[in-house]
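So you can see what is in the structure, the chains are spelled out below.
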Amino acid sequence: MWYKLGEFVLKNRVLLLVLLLASTAFMAWQASQIELSYDFAKAIPTDNPKYKSYMAFKAEFGEDGNALVIGVEDKDFFTPAKFAAYRKMLAEIKQVEGTAGQLSVSGAVDLVKADSAETLSAVPIFTDTIRTQSDLDSARARFENLPFYRNLLYNPETHAYLAAITINKQILVSKERTRVVSEIENAANRFATATGSNVHLSGLPLIRTKVADRIKNEMNYFLIGSLLLACITLILFFRSTSAVLISLAVVIMGVLWAIGTMHLLGYQITLLNALIPPLIIVIGIPNCIYFLNKYHMSWEDMTGNTQPVTPENTPAIKRAALLNMVSKMGIVTLFCNIAAAVGFAVFALTESALLKEFGVVAGINIMVIFVISFIFIPSVLSFVDPPKEKHTRYLRNPALERLLVRIEHWVLRRQGLVYGITAAALVFSLLGVLQLKSVGYIVDDLPKSDKIYTDLKWFEKNFGGVMPLEVVVDAKKKRGITRNLNAIQRIDQFSEYVSRLEECARPLNLVEGLKFAKQAYFDGDSMSYFVPNEFDMAFLGPYLRGNRNDGDSASQLAKLTKSFMDSNQQRARISINMADVGTIRLQQLLDTLQMHADTIFNYAGMQPVDPEKPDGAQQAVFDSTYDVKFTGSSVTYLEGSRFIINGLKESILWAFLLISLTMLWLFRDLRILFCSLVPNIIPLFITAGIMGWAGVALKPSTVLVFSVALGIAIDVTIRFLVNYKQELPEHHNNIMATTVSTIRHTGISIIYTSLVLVAGFVIFMFSGFGGTFSLGWLTSLTLLVATFTNLVFLPVLMLKFLKPKKGKK
């Protein structure tokens, strides 16, 4: 069949090349329209309860992660020159198109009681008339007399000051966010340069924008780097310009098809699928090496053992070599690509949209790269000159030949040593696996020295953090929050508990507004900043409602607190900024907070354990007056990480199952199936062990290694075993002779291919993201170990378990 397919390709080479190039041009046009993704909630399925809860929260209260924060640490902050520069910076930021509002020291307001109108009016503390140090000190004293702003806009112990810039929702999900963040950053840098103050920027808009832009830039760098490494390795192996150009053309077409497929399917570039183009290069180059290596071997055999080469017989010999290349390597390359495609496509079986997109695009285009290779390589080779002696010299590499002889010696004479080394490696790895932990951080893919990371830690130190955690308290009935002080007091009690946690900032909620109003009612006395009682509310009521005929000042407090309570006064919001504590600690915190929330909001008292013994042991009784739910970006991040990690674990199991079925269908032998899987399980286990010893945590970017490496490493096994099956009849079913011959015939191409794969993944080690860096070195390590196990341990297993059938030698 493969011989006939080869004849078909060579016979119709012009037509097939035209169709291939035309379709590639179309995919290149599609690729040119690809856009960067700014949606960071795709890791969770849309039918997930926590996703639905988050969407409901945003529909009711608005975005929770749309604030970019600017921090200034300067003990001389309240001097006329620096404060004026600070106000100028914020004025410049206010003019940035796409910003929606500000909360800052210079824009802070005080609530002032107007008895005649029974209103509380918001009055600026730092007016434009401030010129002297005396005026500024007076305003500062008034500002610091307001507990509402303490640890919200300033930290009195560290001289740290915060400004929050909210960004328009539409901007956050468009490429315009890069411009907005850049302009804000430029204004902050100008302030820092002019004053010498230490300025820090953070918040989800900045973190996500910076990360997304780096993804885009890194994808370009990785593409160029992968192509350069491919060029270098191909030149070193083949010493042929035509072989290099053919291989580059194949992988470039593969990349265009991959990116074009993303756009055709309506996908955008994400942190995950940005890895696909470099992966296509890494996987496509071995296809080229397999085909070219077999072509060169066939040419050598036909010209060295059969007949001399003359101008008259060169076309016939070249055609025969090409047909032998296709007939021998077509099935090998097909099943190698099928195995690799399965290793990636299983991600499409998960519930995560991010993984689904990655799996679909990668799976499709790994098969596309096979079709491109199968059509393009033999067609173009038929037009170019046959290989010269220097192009096939690598087939007689003395160093590699000595290595293969040594491998034969290990396989035939040192089987006990091979088993011993393998067992020792597995025991060592087992001890490492026991140390593995699964934990992830929102910014843990960034280096610890990166400004994004260091600025985030500064905000955690001075203000508790910037990661949003939202709590929604549902009283289950209209006006249930404001009908009496019960809900108000419980919200305050819960907030007081949260504020004592080291990982959390002081919560912001409706009650803080009421405290602020009470302080204003009592003429700004800071000792009055606490929850109003029923007596206070009797006097505060008219001021809280305001004079509805006064359009500007009547409802200042309502404007201040309306984002913390729904229009029916049934649900109240508690906003908490917290540190990036990692998925393990975050889950512990959420469990603790949920327990305390249930206790505070739904505690109904104590009752006897045994009703017949009222003086006996007592137990706490809880009702369901309030429904307390936790949501926000921190919760969705935790849920997304859990889904991705679980999805990746499931995908590894699916990959093993589907690859096993593929191998079983290909070889029709359970013994061969066993021999093929063991050498590929061992490298994964060793990699997991080294991760444990090196302290590399299980997280989405590192769990990805196992599926990727399995799908690629199995190619070596298929290459070896298919060659074994093809040569077995030639050696009269002598397993030992066939195994030795297979080592000699496939060893060089397997070593070359492995070096190319390792070089291709090494490029990821130049990434600025820790996860991508880990993907690079861990996958390279896995492939190196897989090369050893497939060239040494696989033949040892074959000699042990593959016995000749009766009647055969």
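Here's a quick rundown of the structure.

Counting its secondary structure elements, the protein chain contains 25 helices and 13 strands. A principal-axis box enclosing the C-alpha atoms of the protein chain has dimensions of 115 × 75 × 45 Å. Put simply, the protein chain has 809 residues, and 56% of those count as buried. In the protein chain, the share of contacts with a sequence separation of at least 24, taken over all contacts with a separation of at least 6, comes to 78%. Of the roughly 34,900 Å² of accessible surface on the protein chain, 59% is carried by carbon and sulfur atoms. Counting 78 positive and 67 negative side-chain charges, the protein chain places the centres of these two groups 11 Å from one another.

Interaxial distance between helix α4 (residues 80–94) and helix α7 (residues 176–195) falls to 9 Å at its minimum, and their mutual angle equals 165°. Considered as vectors, α4 and α7 are oriented roughly antiparallel to each other. As α4 runs across α7, the sense of the crossing is right-handed. Residue-level contacts link Lys82, Ala85, Tyr86, Met89, Glu92 and Ile93 of α4 to Ile184, Ala187, Ala188, Arg190, Phe191 and Thr195 of α7. Across the contact of α4 with α7, the residue classes tally to eight nonpolar, one polar and three charged.

Glancing now at the packing of helix α2 (residues 13–31) against helix α12 (residues 353–381). Between α2 and α12, the shortest axis-to-axis distance is 10 Å and the interhelical angle comes to 130°. Taken together, the axes of α2 and α12 are oblique relative to one another. Handedness of the α2/α12 crossing: left-handed. In this structure, α2 contributes Arg13, Leu16, Leu17 and Leu20 to the contact, and α12 contributes Ile372, Ile375, Phe376, Ser379 and Val380.

With that settled, consider unusual backbone geometry. The phi dihedral of Lys476 falls on the positive side, at around 70°, and the residue is not glycine. Here Lys476 lies in the loop between β8 (467–474) and α16 (485–499). Classification of Lys476 as partly exposed rests on a relative accessible area of 45%. Notably, Asn733 is not glycine yet its phi reads approximately 60°, a positive angle. Positionally, Asn733 belongs in the loop between α23 (700–727) and α24 (735–762).

Counting residues in hydrophobic clusters, the biggest one holds 260 residues, and the most contacted among them are Ile70, Phe126, Phe143, Tyr149, Phe494 and Phe630. Those residues in contact with Phe126 that lie beyond four places of it in its chain are Phe78, Phe83, Arg87, Val105, Ser106, Leu136, Ala139, Arg140 and Phe143.

A surface patch of like charges, here positive, comprises Lys477, Lys478, Arg479 and Arg483. Within the element layout of this structure, Lys477 appears in the loop between β8 and α16.

Attention now moves to the pattern of salt bridges. Taken as a whole and judged by the stated rule, the model has 23 salt bridges. As a salt-bridge pair, Asp74 and Lys82 come within 2.6 Å of each other at their nearest N and O atoms. Neither Asp74 nor Lys82 differs from the other in exposure class; each is buried. A salt bridge links Asp492 to Lys515; its shortest N-O distance comes to 2.7 Å. Within this pair, whereas Asp492 is found in helix α16, its partner Lys515 is found in helix α17 (residues 510–521), the two being separated by 23 residues in sequence. In this structure, Asp492 and Lys515 share a single accessibility class: buried. Put simply, Asp492, Glu496, Arg506, Glu512 and Lys515 are held in one network by salt bridges that share partners.

Moving on, we get to the sheet that holds β8. If you walk across this open sheet you meet the four strands as β9-β10-β8-β13, and the pairing is antiparallel. Only two strands of the sheet have a single neighbouring strand rather than two, namely β9 (508–509) and β13 (627–631). With eight bridges connecting them, β8 and strand β10 (residues 571–578) associate as antiparallel partners. Bridge pairing in β10 places Glu470 opposite Ser575. Packing of helix α3 (residues 49–61) onto the sheet brings it into contact with β8, β10 and β13, and relative to β10 it is tilted by some 105°.

Moving on: the packing of aromatic side chains. One pass over the full model with this rule turns up 33 aromatic pairs. Aromatic pair Phe78 and Phe83: ring centres 5.6 Å apart, planes at 25°, arrangement stacked. Neither Phe78 nor Phe83 differs from the other in exposure class; each is buried. Summarising the aromatic geometry, the rings of Phe148 and Tyr149 are spaced 5.2 Å apart at their centres and angled 90° between planes, so their arrangement reads as edge-to-face. For the pair Phe148 and Tyr149, one class covers both residues: buried. Through a chain of ring-to-ring contacts, the aromatic side chains of Phe77, Phe78, Phe83, Tyr86, Phe126, Phe143, Phe148, Tyr149, Tyr154, Tyr161, Phe191 and Phe516 assemble into a single cluster. When the ring centre of Phe383 is taken as origin, the NZ or CZ atom of Arg13, which lies over that ring, is 4.2 Å away. Sitting above the plane of the Tyr521 ring, Lys113 keeps its charged end 4.6 Å from the centroid.

Okay, the side chain of Thr789 next. Here Thr789 is to be found in helix α25 (residues 770–801). With residues up to four places along the chain from it excluded, the contact list for Thr789 reads Pro679, Ile682, Pro683 and Leu794.

Rules behind the numbers
- Residues numbered from 1 in each chain as written.
- Predicted model: local features only at pLDDT ≥ 70, side-chain atom pairs only at ≥ 80, totals over all residues.
- Heavy atoms only, no water.
- Helix = DSSP H or I, 4+ residues; strand = E, 2+ residues; numbered from the N terminus.
- Buried < 20%, exposed > 50% of the residue type's maximum accessible area, 1.4 Å probe, protein only.
- Contact = heavy atoms within 4.5 Å.
- Areas by Shrake-Rupley, 256 points an atom, 1.4 Å probe, with all protein chains shown as cover.
- Lys, Arg positive; Asp, Glu negative; His and termini not counted.
- Charge placed at Lys NZ, Arg CZ, Asp CG, Glu CD.
- Axes fitted to C-alpha atoms, helices over the stretch in contact; angles between N-to-C directions.
- Parallel < 35°, antiparallel > 145°, perpendicular 65-115°, else oblique.
- Left-handed = near helix turned anticlockwise from the far one by under 90°.
- Nonpolar A, V, L, I, M, F, W, Y, C, P; charged D, E, K, R; others polar.
- Core = buried A, V, L, I, M, F, W, Y, C linked by side-chain atoms within 4.5 Å.
- Patch = residues over 30% accessible without salt bridge, like charges linked within 9 Å, V, L, I, M, F, W, Y side chains within 5 Å.
- Salt bridge = Lys/Arg side-chain N within 4 Å of Asp/Glu carboxyl O.
- Pairing = 2+ DSSP bridges.
- Phe/Tyr/Trp six-rings, centres within 6.5 Å; stacked < 30°, edge-to-face > 60°.
- Lys NZ or Arg CZ within 6 Å of the ring centre and 35° of its normal.

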